[in-house]
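Below, each chain spelled out in residue letters.
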Amino acid sequence: MKPMNMTPEEYNELTKQSSPRSPFIKDFLMAFAIGGLICALGQAIMMAYQSSGMTEEVSGSVTSVTLVLLSIILTGFNIYPKIAKFGGAGTLVPITGFANAVASPALEFKSEGLVLGLAAKMFVIAGPVIVYGTSASIVYGLIIYLFGLY
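In this text, all values refer to a predicted model and were calculated from it rather than measured experimentally.

Some details on a nonpolar patch on the surface
Together, Ile138, Val139, Leu142, Ile143, Tyr145, Leu146, Phe147, Leu149 and Tyr150 make up an exposed nonpolar region whose accessible area comes to about 1,100 Å². Inspection of the secondary structure puts Phe147 in the segment after helix H7 (126-146). Residue classification places Phe147 among the exposed residues on the basis of a relative accessible area of 61%.

Given below as structure tokens:
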């Protein structure tokens, strides 16, 4: 088989013609709905904790832990990926999406053992987020400190 000689522009045009069009409006609405439902669930959980006598600050922390736990459980039972397929970017609501990003690779590589599989692969996706988030917060803190903006 003879290789094809194409310019990058020709390749981009061929790719555009071959790729199915994304239903942008539907994807946008589904992401909004699913993300909103996750946030509403979080608010309902927080209100339930507050009605049981917790302060707002404590109930907020416990709600975060509850959402992480629910996300990991749903990931473990392969339900969260199905919700993500349906709701797209709406499932990236920071705390649940982050928990899913940590749990998914850990589950995928658990057969390789606790150290080289589960522990090593757990932060494959979430690791860069942690590194850059921590680095950005340090830089931001230094700028605020050096310019006396605190």
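As for the UniProt feature "transmembrane region" (unreviewed entry) in the protein
As annotated in UniProt, the feature "transmembrane region" (unreviewed entry) corresponds to residues 28-49, 61-79, 86-103 and 123-147 in the numbering used here. The distance from the first to the last C-alpha atom of residues 28-49 is 32 Å, and the span holds 100% helix and 0% strand. Structurally, residues 61-79 comprises 84% helix and 0% strand, and the distance from its first C-alpha atom to its last is 24 Å.

Observations regarding the packing of aromatic side chains
Here the structure, examined in full by the defined rule, presents one aromatic pair. Centroid distance Phe24 to Phe28: 6.3 Å. Interplanar angle 25 degrees. Geometry classified as stacked. Residue Phe24 and its partner Phe28 are both found in helix H2 (residues 24-51); the two are separated by four residues, about one turn of the helix.

Looking at helix H5 (residues 94-108)
End to end, H5 covers 21 Å across 15 residues, agreeing with the expected 21 Å (1.5 Å per residue, within 8%). When we look at burial in H5, the residues that qualify are Thr96, Gly97, Ala99, Asn100, Ala101, Val102, Ala103, Pro105 and Ala106. Residues of H5 that are buried in the fold lie against H2, helix H3 (56-76), helix H4 (80-87), helix H6 (114-121) and H7.

Quick notes on the side chain of Thr96
Here Thr96 shows up in helix H5. The residues touching Thr96, leaving out its near neighbours within four places in the chain, are Ile38, Leu67, Ser71, Tyr80 and Thr91.

Describing the packing of H2 against H4
Interhelical geometry of H2 versus H4 gives an angle of 135 degrees and a closest axis separation of 8 Å. By the angle between their axes, H2 is oblique relative to H4. Taken together, the residues of H4 that come into contact with H2 (itself represented by Met30, Ala31, Ile34 and Ile38) are Tyr80, Ile83, Phe86 and Gly87. Looking at the contact of H2 with H4 residue by residue, the classes come out as seven nonpolar, one polar and no charged.

Observations concerning the side chain of Thr63
Along the chain, Thr63 falls in helix H3. Setting aside residues no more than four positions away along its own chain, Thr63 makes contact with Gly42, Ile45, Met46 and Tyr49.

A short note on unusual backbone geometry
Note: most peptide bonds trans; most residues except glycine with negative phi. Not every positive phi belongs to a glycine, and Asn78 is a case in point at roughly 60 degrees. Position of Asn78 relative to the elements: it lies in the loop between H3 and H4. You can call Asn78 partly exposed: its relative accessible area is 42%.

Side note on the packing of H5 against H7
The N-to-C vectors of H5 and H7 enclose an angle of 130 degrees; their axes lie 9 Å apart at closest approach. The pairing of H5 with H7 is recorded here as oblique in orientation. Residue-level contacts link Phe98, Ala101 and Val102 of H5 to Ala126, Val129 and Ile130 of H7. Here the residues of the contact of H5 with H7 sort into six nonpolar, no polar and no charged.

About the thresholds
- Residues numbered from 1 in each chain as written.
- Predicted model: local features only at pLDDT ≥ 70, side-chain atom pairs only at ≥ 80, totals over all residues.
- Heavy atoms only, no water.
- Patch = residues over 30% accessible without salt bridge, like charges linked within 9 Å, V, L, I, M, F, W, Y side chains within 5 Å.
- Areas by Shrake-Rupley, 256 points an atom, 1.4 Å probe, with all protein chains shown as cover.
- Salt bridge = Lys/Arg side-chain N within 4 Å of Asp/Glu carboxyl O.
- Helix = DSSP H or I, 4+ residues; strand = E, 2+ residues; numbered from the N terminus.
- Buried < 20%, exposed > 50% of the residue type's maximum accessible area, 1.4 Å probe, protein only.
- UniProt positions renumbered as here; feature names shortened; annotations may be inferred.
- Phe/Tyr/Trp six-rings, centres within 6.5 Å; stacked < 30°, edge-to-face > 60°.
- Expected span 1.5 Å × (residues − 1).
- Contact = heavy atoms within 4.5 Å.
- Axes fitted to C-alpha atoms, helices over the stretch in contact; angles between N-to-C directions.
- Parallel < 35°, antiparallel > 145°, perpendicular 65-115°, else oblique.
- Nonpolar A, V, L, I, M, F, W, Y, C, P; charged D, E, K, R; others polar.

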